[in-house]
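Understanding the architecture of this molecule
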Amino acid sequence: MENQYFAASAVFLINTVFGLYLFAVMLRLLLQWVRADFYNPISQFLVKVTNPPLRPLRRIIPGWGGVDLASILLLLALQMLEIFLANMALGRAMPLSGLFVTSVAELLNLLLNIFVIAILVQVVMSWISPGTYNPATVLLHRLTEPVLAPARRLIPPISGVDLSPLVVLVVFQLIKFLLIAPLVDIGHRMT
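Residues numbered from 1 in each chain as written. Predicted model: local features only at pLDDT ≥ 70, side-chain atom pairs only at ≥ 80, totals over all residues. Heavy atoms only, no water.

Turning to its location among the elements, Ser 164 is positioned in helix H6 (residues 164-189). Within the structure, the side chain of Ser 164 is placed 2.8 Å from the side chain of Asp 162, a separation counted as a polar contact. (Helix = DSSP H or I, 4+ residues; strand = E, 2+ residues; numbered from the N terminus. Polar contact = N/O pair within 3.5 Å; in protein donor to acceptor, adjacent residues only side chain to side chain.)

As structure tokens, then:
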């Protein structure tokens, strides 16, 4: 019975440490993708935190077509290591194929969660203090604009109310139900 508590504690620590670092690497990748301000203090923090593993990886794995392949490989390796360690702590094994599919699904889930959080924070900030400048709002706007702009073209603001965040959040939830959940199931069935 005590081993169960230690295993649960180990899984919690593994998920927390890896989750925070995966979040930082994914956010850096996304901010590079949207060409966010490199001199923003938040961007600088992310660069300093993620540079130790990325700098040597970039020497081996160059970018391709504007895509930072080193960051993607690091994300995949860290996610696979997190799932492997969590399963080991629970006394379970998972084949490499299941580990890979589950990791891809978890990374897609993280990607969507970052956008969901960014959109929700941006919406709340627009209600509380519209037009206020701070480094976070600039990054949030830069990050969310590529997903909100197409929705805004489909559904223009109605009486000054922008419904594009709602549309994007509904689409992201559908993607989670129709793509990510089946991928997770496939990954778990490969055990």
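Past the structure itself, the notes keep going.
Bringing the packing of aromatic side chains into the picture now. Under the counting rule described, the total for this entry stands at two aromatic pairs. Ring centres 5.5 Å apart and planes at 80° place the aromatic pair Phe 38 and Tyr 39 in the edge-to-face group. Overall, the relative accessible area of 44% leaves Phe 38 in the partly exposed class. Ring geometry for Phe 115 and Phe 172: centres 6.0 Å apart, planes at 50°, overall tilted. Here the residue Phe 115 occupies a position in helix H4 (residues 96-128), and Phe 172 occupies one in helix H6, the gap between them amounting to 57 residues. The pair formed by Phe 115 and Phe 172 is uniform in burial state, with each residue classed as buried. (Phe/Tyr/Trp six-rings, centres within 6.5 Å; stacked < 30°, edge-to-face > 60°. Buried < 20%, exposed > 50% of the residue type's maximum accessible area, 1.4 Å probe, protein only.)

Across the interface, helix H5 (residues 135-154) lies against H6 with an axial gap of 8 Å and an inter-helix angle of 110°. With respect to H6, the element H5 is oriented roughly perpendicular. Where H5 crosses over H6, the handedness of that crossing is right-handed. Contacts between H5 and H6 pair Val 147, Leu 148, Ala 151 and Arg 152 from the former with Ser 164, Pro 165, Val 167, Val 168 and Phe 172 from the latter. (Axes fitted to C-alpha atoms, helices over the stretch in contact; angles between N-to-C directions. Parallel < 35°, antiparallel > 145°, perpendicular 65-115°, else oblique. Left-handed = near helix turned anticlockwise from the far one by under 90°. Contact = heavy atoms within 4.5 Å.)

We now examine the pattern of salt bridges. One pass over the full model with this rule turns up three salt bridges. A salt bridge links Arg 58 to Asp 68; the shortest N-O distance between them is 2.4 Å. Here Asp 68 lies in the loop between helix H2 (41-60) and helix H3 (69-89) and Arg 58 lies in helix H2, a separation of 10 residues in the sequence. Residue Arg 58 is classed as partly exposed on the basis of its relative accessible area, which comes to 30%. Under the relative-accessibility criterion, Asp 68 is labelled buried at 11%. Close ionic contact of Arg 152 with Glu 145 constitutes a salt bridge, the shortest N to O distance being 2.8 Å. According to the relative accessible area criterion, Glu 145 is partly exposed, its value standing at 22%. Salt bridges sharing partners connect three or more residues here, namely Glu 145, Arg 152 and Asp 162. (Salt bridge = Lys/Arg side-chain N within 4 Å of Asp/Glu carboxyl O.)

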